[in-house]
Amino acid sequence: MDLSSAQVIGAGLAAIGVGAAAIGVGNVFGSFLESALRNPAAADGQQGRLFIGFAAAELLGLIAFAVAMIILYAPPSA
Amino acid sequence: MAEAKIDPMHQFTVERIVPLHIGPYDISFTNSSLWLFIALALIFAFMLQGMKRQLVPGRWQVAVEGLTGFVDDMVRVNIGPEGKKFMPYIFSLFVLILTANLLGLFPLAIIPGQHQFTTTSHFSITGVLAVMSFSIVLIVGFARHGLKFFSLFVPHGTPLPMAFLIAPIEFISFMVRPFSLGLRLFVAMIAGHILMEVFGSFIVTGFNGGPLGWGVGVLSMLFIIFVTALELLVCAIQAYVFALLTTLYLNDAINLH
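Worth saying up front: this structure is predicted, and the values here are computed from it rather than measured.

S.K.: Is there a simple way to think about the overall build of chain A in this case?
M.R.: For chain A, the helix and strand inventory stands at four helices and zero strands. Listed by position from the N terminus, the elements making up chain A come as α-α-α-α. Taken over C-alpha atoms, the radius of gyration comes to 18 Å for chain A, far larger than the 12 Å a tight globule of 78 residues would show. Along the longest, intermediate and shortest principal axes, the C-alpha atoms of chain A span 60 × 15 × 10 Å.

S.K.: I tried to follow the overall build of chain B on my own but got confused; where do I start?
M.R.: Across its full length, chain B holds seven helices and four strands. Counting only C-alpha atoms and orienting by the principal axes, one finds that chain B spans roughly 70 × 55 × 45 Å. Considering chain B as a whole, with its 257 residues, one finds that 25% of them fall into the buried category. Across chain B, contacts joining residues at least 24 apart in sequence account for 62% of those joining residues at least 6 apart.

S.K.: I tried to follow helix H1 (residues 3–14) of chain A on my own but got confused; where do I start?
M.R.: Owing to its 3.6 residues per turn, the α-helix brings residues three or four apart onto one side. Relative to the 16 Å expected for 12 residues at 1.5 Å per residue, H1(A) spans 16 Å between its end C-alpha atoms, a close match to the ideal helical length. Judged by how many residues are buried, H1(A) sits mostly at the surface: zero of 12 residues are covered.

S.K.: What exactly am I supposed to notice about the packing of helix H4 (residues 123–145) of chain B against helix H7 (residues 210–255) of chain B here?
M.R.: A packed helix pair is summarised by two numbers, namely the angle formed by the two axes and the spacing between the axes. Residue and element names in this part refer to chain B. Two elements in contact, H4 and H7, have axes separated by 8 Å at closest approach and are oriented at 15 degrees. Taken together, H4 and H7 sit at an angle that is classed as roughly parallel. Once H4 is placed against H7, the crossing between them reads as right-handed. For the pair H4 and H7, the contacting residues are Ser133, Val137, Val140, Gly141 and Arg144 in the first and Thr246, Tyr249, Leu250, Ala253 and Ile254 in the second.

S.K.: Explain the confidence of the model for chain B to me, please; I cannot follow it from the model alone.
M.R.: Any segment with low pLDDT has predicted coordinates that should not be analysed in fine detail. Residues and elements named next belong to chain B. Per-residue pLDDT for chain B has a mean of 87; in total, 97% of the residues score no lower than 70. The spread of mean pLDDT over the elements of chain B runs between strand E1 (residues 16–18), the lowest at 83, and helix H3 (residues 87–104), the highest at 93. In the model output, the complex is listed with pTM 0.86 alongside ipTM 0.77.

S.K.: Explain the environment of Leu67(B) here, please?
M.R.: Residues and elements named next belong to chain B. Along the polypeptide, Leu67 turns up in helix H2 (residues 59–79). Classification of Leu67 by C-beta neighbours within 10 Å gives partly exposed; the count is 17. Residues Leu67 and Phe91, spaced 24 residues apart in sequence, show a C-alpha to C-alpha distance of 8.8 Å.

S.K.: Is there a simple way to think about the nonpolar core in this case?
M.R.: The nonpolar side chains of a soluble globular protein tend to be buried, and buried together. The biggest cluster of nonpolar side chains holds 42 residues, and the ones touching the most others in it are Phe94(B), Ile97(B), Val187(B), Ala239(B), Phe242(B), Ala243(B) and Leu245(B). Broken down by secondary-structure element, the contributors of at least two residues to this core are helix H4 (47–73) of chain A together with helix H1 (31–50), H2, H3, H4, helix H6 (177–207) and H7 of chain B. Looking at which element gives the most residues to this core, the answer is H7(B), with 11 residues. If near-sequence neighbours (up to four positions away) are discounted, Leu245(B) is found in contact with Ala55(A) and Leu181(B).

S.K.: In this structure, what is going on with H1(B)? I would like to understand it.
M.R.: Residues and elements named next belong to chain B. Taking 1.5 Å per residue, 20 residues should reach 28 Å; H1 reaches 29 Å between its end C-alpha atoms and fits that length. Those residues of H1 that sit buried are Ser32, Trp35, Ala39 and Gly50. Projection of H1 onto a plane perpendicular to its axis shows the buried side chains occupying an angular sector of 75 degrees, all on one side. Away from the buried face of H1 by more than 90 degrees, exposed residues Phe37, Ala41, Phe44, Ala45 and Leu48 are located.

S.K.: How should the confidence of the model for chain A be read in this particular structure?
M.R.: When pLDDT is averaged across chain A, the result is 86; 96% of the residues are at 70 or more. Highest mean pLDDT in chain A belongs to helix H2 (residues 16–38) of chain A (92); lowest belongs to H4(A) (86).

S.K.: So what exactly am I meant to see when it comes to the environment of Leu42(B) here?
M.R.: Residues and elements named next belong to chain B. Mapped onto the elements of the fold, Leu42 is located in helix H1. You can call Leu42 partly exposed: it has 15 C-beta atoms within 10 Å. Taking the C-alpha atoms as reference points, Leu42 and Leu103, 61 residues apart in sequence, are found 9.9 Å from one another.

S.K.: What is the right way to look at the packing of H2(B) against H7(B) in this model?
M.R.: Residues and elements named next belong to chain B. Between H2 and H7, the shortest axis-to-axis distance is 9 Å and the interhelical angle comes to 35 degrees. Our pair here, H2 against H7, has a crossing hand that is right-handed. Each of Val71, Met74, Val75, Asn78 and Ile79 in H2 lies in contact with H7, whose residues at this interface are Ala243, Leu244, Thr247, Leu248, Leu250, Asn251 and Ile254. Along the lines of polarity and charge, the residues of the contact of H2 with H7 split into nine nonpolar, three polar and no charged.

What counts, and where the lines are drawn
Residues numbered from 1 in each chain as written. Chains lettered and ligands numbered in written order. Predicted model: local features only at pLDDT ≥ 70, side-chain atom pairs only at ≥ 80, totals over all residues. Helix = DSSP H or I, 4+ residues; strand = E, 2+ residues; numbered from the N terminus. Rg over C-alpha atoms; globule rule 2.2 N^0.38 Å. Buried ≥ 20, exposed ≤ 12 C-beta atoms within 10 Å, placed from the backbone. Contact = placed C-beta atoms within 7 Å. Expected span 1.5 Å × (residues − 1). Axes fitted to C-alpha atoms, helices over the stretch in contact; angles between N-to-C directions. Parallel < 35°, antiparallel > 145°, perpendicular 65-115°, else oblique. Left-handed = near helix turned anticlockwise from the far one by under 90°. pLDDT = per-residue confidence, 0-100. Core = buried A, V, L, I, M, F, W, Y, C linked by C-beta atoms within 7 Å. Arc of directions from axis to C-beta. Nonpolar A, V, L, I, M, F, W, Y, C, P; charged D, E, K, R; others polar.

Encoded structure:
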């Protein structure tokens, strides 16, 4: 297997992490919605925390994306 | 397969418009600076139009007051009354990032040879913003609490044996803040724009590729409309998250915990 095909396969594997982050982000908003419907009066006060959780979950997915981009566009060495 | 290759990374290249060199430093006026100035001009136009202090506010003034009120609320809820003096910084941060993000989605590419430039898609911009936030946190923290600021690394009520374990972890999570703050914004912008460019190229190659390709083209078209709507949401969320996290870090520095 030559290096450029290995690069593409590696980038594809790194993209799995983005899917995992999607589960995380869905979990954050899903749990928020579930509890917001149980107690709508308290929901507005928790929106800051909702976005902190969202930002933390999303960051990890974006790091996976950055890794995929680094692998894909790295100059083929050797 | 002889069609021109569409390069999704080309939209992020910084091009010199007015070359300027001082010694070994390149301080050219680039398209990045141009779009920052456009963002600045838009913000000024928007704000000045709404700052006429009419007794009965018009639509424009209500829009401006809504924006300032939104940021003011965020600062007051997260920092408390002492956050009032950081309100101008948080507001500038939020409005600048929001405007730059939204300008990046502006469909200027319909004019041949032109394309808009997303200033927030470069780590050099978002990184500087993040480092600015981080330095303000450090300066405020040390100015207010002196060396007591280091108690930030040991949460209240930690048992002594655990403190040796928790302090390094808290220290790392504190030091990684500027990177995560800048990285999040810049990667989110880059990812969205690459996605749109890649599916845009699917439309072009799809419609050139016979009847089966038309189906691909139409599907990509529908998807790209959905992605554009999503990107508008992401622009707002990323600006909000950047400002929110800055207020939270400031809150740590002002109130300790």
